[in-house]
Amino acid sequence: MAAYSVQVFNAGGKFRVVSTKPMPGNQWIQALVNAGCRVEVCTSQKTILSVEDILSLIGSRCDGVIGQLTEEWGETLFSALKKAGGHAFSNMAVGYNNVDVEAANKHGIAVGNTPGVLTETTAELAAALTLSAARRVVEADDFMRAGKYDGWLPNLFVGNLLKGQTVGIIGAGRIGSAYARMMVEGFKMNVIYYDLYQSKFLENFVTAYGNFLKSQGETPVTWKRASSAEEVLREADVVSLHPVLDKTTYHLINKERLSMMKKEAVLVNASRGPVIDEVALVEHLKVNPMFRVGLDVFEDEPYMKPGLGELPNAVVVPHIASASKWTREGMATLAALNVAGKLQGFPVWHNSNMVLPFLDENSPAPKACPSIVNAKVLGLQVAAPVSKM
Ligand SMILES: NC(=O)C1=CN([C@@H]2O[C@H](COP(=O)(O)OP(=O)(O)OC[C@H]3O[C@@H](n4cnc5c(N)ncnc54)[C@H](O)[C@@H]3O)[C@@H](O)[C@H]2O)C=CC1
Ligand SMILES: O=C(O)C(=O)CO
């Protein structure tokens, strides 16, 4: 990107903050302007900016940057930002596997992310992918549009019933737990989950809902905490992946683990593509036509591994799980408030799972950074919870 194009807000602002992409809504821009920032938004048509592109945006003087999950934030960019006088960065995403946090620590750069605001939006898309795959919606849609429908048939696009079946979650954090609740409440599925940590909230919720169903004379739903990912894969009829992407989850779903799954199982991934060995997945889908997947993310995004796009038992969408208006505007606002808060010397918010106070346009945001992933290492102060008088 030679001469980069930018849109400037509050040109006279004392802090210079760059956003590598235009973002939804105006609340995020207003938050930065209110903090005294000159905001420069890159308007290049290039979808994914390179390190060189971003270096040219940072220039010789830059206090903070809002970046995207498609960008490689490591030693080169963090050293350049430090050299330009900056100390605040935020991903417009809750996942930050594209960020070398060690490099940020080395240069004293705060790394923000945007948890909480995208939990239900992402879980809902995972549920949509579950149903689309289980009931072969996309195949049937293609069939109709191709004019092939010439009347009802007993065996036309027969799929999987979800009610009473077992839904497996690998990574029962914010989004994984929200997805589990949706599948329990919506389809009365039984839950089996695997996570490094126990999800007492999820267990208690399913127990209580099961007791309610029992009181209504219905079959109660159940939960089970698995001791391994393999246990989930063997027992579940539907498996949805919601872990972070790190070295422990890279290719977590590989050829061996795919072979453990039921032949007619549904696998959903709305976490990160590299959690699945996609080459192994394509082979598995080819030899198991009753096995179905719903994918929002891909190992070599934006590309799919060869063959995946031609498979009728794969539903594929372009990383849209967090794409609701409220969520995307909220992600932009949280990212902006991370940067604005750091530049103003605000403490870090005490609970990054409770971000709603930052999103209310009708009241001033708390004087805190919503979520800084390396706050402890940088020795940043944490704001005490406001006592409810
Ligand atoms: N497709 C999309 O548009 C979106 C994707 N995501 C992805 O979803 C991920 C999860 O987001 P949240 O639920 O908010 O994060 P979270 O941190 O609340 O949950 C992640 C869970 O993964 C678990 N985990 C970590 N390593 C594991 C392992 N080896 N095996 C099993 N579980 C493991 C953690 O203990 C944690 O409970 C993000 O890191 C991001 O990569 C998030 C939002 C949107
Ligand atoms: O927040 C994330 O991690 C995303 O993938 C954005 O959709």
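Conventions and cut-offs
- Residues numbered from 1 in each chain as written.
- Chains lettered and ligands numbered in written order.
- Predicted model: local features only at pLDDT ≥ 70, side-chain atom pairs only at ≥ 80, totals over all residues.
- Heavy atoms only, no water.
- Near = heavy atom within 4 Å.
- Polar contact = N/O pair within 3.5 Å; in protein donor to acceptor, adjacent residues only side chain to side chain.
- Areas by Shrake-Rupley, 256 points an atom, 1.4 Å probe, with all protein chains shown as cover.
- Nonpolar A, V, L, I, M, F, W, Y, C, P; charged D, E, K, R; others polar.
- UniProt positions renumbered as here; feature names shortened; annotations may be inferred.
- Helix = DSSP H or I, 4+ residues; strand = E, 2+ residues; numbered from the N terminus.
- Core = buried A, V, L, I, M, F, W, Y, C linked by side-chain atoms within 4.5 Å.
- Buried < 20%, exposed > 50% of the residue type's maximum accessible area, 1.4 Å probe, protein only.
- Domains from an automatic or database assignment.
- Contact = heavy atoms within 4.5 Å.
- pLDDT = per-residue confidence, 0-100.
- Salt bridge = Lys/Arg side-chain N within 4 Å of Asp/Glu carboxyl O.

1. A short note on the site of ligand 2
Part 1: Taken together, Leu-69, Ala-93, Val-94, Gly-95, Leu-118, Arg-272, His-319, Ser-322 and Met-331 are the residues near ligand 2.
Part 2: Within the contact set of ligand 2, an oxygen atom lies 2.8 Å away from a backbone nitrogen or oxygen of Val-94.
Part 3: When isolated, ligand 2 has an accessible area of 230 Å², and the protein chains bury 90% of it.
Part 4: Split into classes, the residues belonging to the shell around ligand 2 amount to five nonpolar, three polar and one charged.

2. Looking at the UniProt feature "domain: D-isomer specific 2-hydroxyacid dehydrogenase catalytic" (unreviewed entry) in the chain
Part 1: If you check UniProt for "domain: D-isomer specific 2-hydroxyacid dehydrogenase catalytic" (unreviewed entry), the listed places come out as residues 30–345 in our numbering.
Part 2: Annotated as residues 30–345, this span is 40% helix and 14% strand, and its ends, taken at the C-alpha atoms, are 18 Å apart.

3. Looking at the nonpolar core
Part 1: Counting 65 residues, the largest nonpolar core has Trp-28, Leu-32, Tyr-179 and Val-191 as its most contacted members.
Part 2: When residues in this core are grouped by element, the largest group, nine residues, is from helix 12 (residues 325–343).
Part 3: For this core, the domains that each give at least three residues are domain 1 (6–117 + 323–378) and domain 2 (119–316).
Part 4: In this structure Trp-28 touches Ser-19, Met-23, Val-39, Val-41, Ile-66, Ala-332, Thr-333 and Ala-336, once residues within four positions along its chain are discounted.
Part 5: In terms of nonpolar packing, the next biggest core, distinct from the first, is built from 28 residues, Ile-192, Leu-252, Met-261 and Leu-311 among them.

4. Quick word on the site of ligand 1
Part 1: Around ligand 1, 25 residues are found, and the nearest of them are Arg-174, Ile-175, Asp-195, Thr-248 and Asp-296.
Part 2: Asp-296 is positioned such that a nitrogen or oxygen atom in its side chain is 2.8 Å from a nitrogen atom of ligand 1.
Part 3: A class-by-class count of the residues in the shell around ligand 1 yields eleven nonpolar, ten polar and four charged.

5. Considerations on the confidence of the model for the chain
Part 1: Per-residue confidence for the chain gives a mean pLDDT of 97, with 98% of residues at or over 70.
Part 2: The ipTM for the predicted assembly is 0.99, set against a pTM of 0.97.

6. Looking at the pattern of salt bridges
Part 1: Counted according to the given criterion, the structure contains 16 salt bridges.
Part 2: Lys-46 is the partner of Asp-53 in a salt bridge, and the nearest nitrogen-oxygen pair spans 2.5 Å.
Part 3: Two residues, Lys-224 and Glu-235, come together in a salt bridge whose shortest N-O distance is 2.7 Å. Taken together, the positions of Lys-224 in strand 9 (residues 223–225) and Glu-235 in helix 9 (residues 229–235) put the pair eleven residues apart, joining distant regions of the chain.
Part 4: Relative accessible area serves as the criterion here: at 32%, Lys-224 is assigned to the partly exposed category.
Part 5: One continuous salt-bridge network, built from bridges that share partners, spans Arg-16, Arg-38 and Glu-40.

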